[in-house]
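# Report on the structure
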Amino acid sequence: MELKGATVLITGASRGLGFETAELLARRGARLAIAARDGDELESATAKLRKLTDVATISADVSEDAERIVAATVARLGPIDALVNNASELGPSPMPPLDSLPWDVFEHILRVNAIAPLHLAQLVLPAMRKRHRGTILNVTSDAGVNACPGWGGYGASKAALEHVSRTLIAELEGSGVRVLLVDPGDMNTEMHRLAEPGVDLSRLPDPKEVAPALVSLLKDDAFAAGRYQAQELERVHA
């Protein structure tokens, strides 16, 4: 995918991996639509990115506003070339055991982490199919594969996203649309600090170190649809 002039929609883009990926894409000439819930952080991110490229900003909750997010992006920037489903919901901090996680909180985690990415994909896919090109990148976690005490709600939502992504890969074969499922590994982020309060995360990579690999995956169609883990991302960026 030629990044210069491409339209990329990124959710959860006001900070962390979402923002670092957006900034690199902006430096490569991509036009950006960034969506996030926190208005102040989103405004700050927008101010930085607009020094580099054309940016559409959508203050929204992906679990409630998928249609508005996509409509605003298309109205402002035209057809979407790539969708990066990066927004995630952790749940309570510190994270409770699964038998203590309120069902309605679990429902919200599922809506943000699994249902919203599918909904957004459903909204962008018709135009991508018509043009026989496009990329959907879903950010997952090893918590969606491994059973980790305390991570049950978040992990179950990422497991759902994993299966949704694998099914889309199978269903979109031959369409020209790629679905990439990316596990960036543990990072030194605010979300991880909320997940494990008081734990020293300074040994973990900064999102700035991981973002270049995501950009490489988006840019290079040689990376076929499929799942990419942290170790593979290191080789991609290398």
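None of these values were measured; they are calculated from a predicted model. Residue positions are given per chain, counted from 1 along the sequence in the order it is written. Local features are withheld for residues below a pLDDT of 70 in this predicted model, meaning they are given only at 70 or higher, and side-chain atom pairs are given and counted only at 80 or more; totals for whole chains, interfaces and linings count all residues. The side-chain figures draw on all heavy atoms in the structure; neither hydrogens nor water molecules are used.

This paragraph deals with the nonpolar core. Among the nonpolar cores identified, the biggest contains 34 residues, and L25, L32 and I34 are the most heavily contacted of them. Broken down by element, the residue count for this core peaks at 7 residues, all from helix α7 (residues 207-219). We call two residues in contact when some of their heavy atoms are within 4.5 Å. Those residues within four positions of L25 in sequence are excluded, and the remaining contacts are L3, V8, I10, A30, L32, V215 and L218. In this structure, L9, A33, M128 and I136 belong to the second largest nonpolar core, which totals 26 residues. Among buried residues, the Ala, Val, Leu, Ile, Met, Phe, Trp, Tyr and Cys ones that are joined through side-chain atoms within 4.5 Å form a nonpolar core. In this scheme, a residue with accessible area under 20% of its type's maximum is buried, one over 50% is exposed, and one in between is partly exposed, where area comes from a 1.4 Å probe on protein chains only. Put simply, DSSP marks the helices as runs of H or I at least four residues long and the strands as runs of E at least two long, and each gets a number from the N terminus on.

The end-to-end C-alpha distance of helix α4 (residues 103-131) is 41 Å, a good match for the 42 Å that 29 residues give at a rise of 1.5 Å each. Where the residues of α4 are buried, they touch β1 (7-11), α3 (66-77), β4 (82-85), β5 (134-139), α5 (152-171) and β6 (177-182). Count one or two residues on from α4 and you reach H132, which has phi positive near 60°. To estimate the expected span of a helix, count its residues, drop one, and scale the result by 1.5 Å.

This part takes up unusual backbone geometry. Note that the residue after S93, namely P94, is joined by a cis bond; omega there is -5°. Checked against the element boundaries, P94 lands in the loop between β4 and α4. The backbone phi angle of H132 is positive, close to 60°, even though this residue is not glycine. Note that H132 resides in the loop between α4 and β5. Judged by relative accessible area, H132 falls into the exposed class, the value being 57%.

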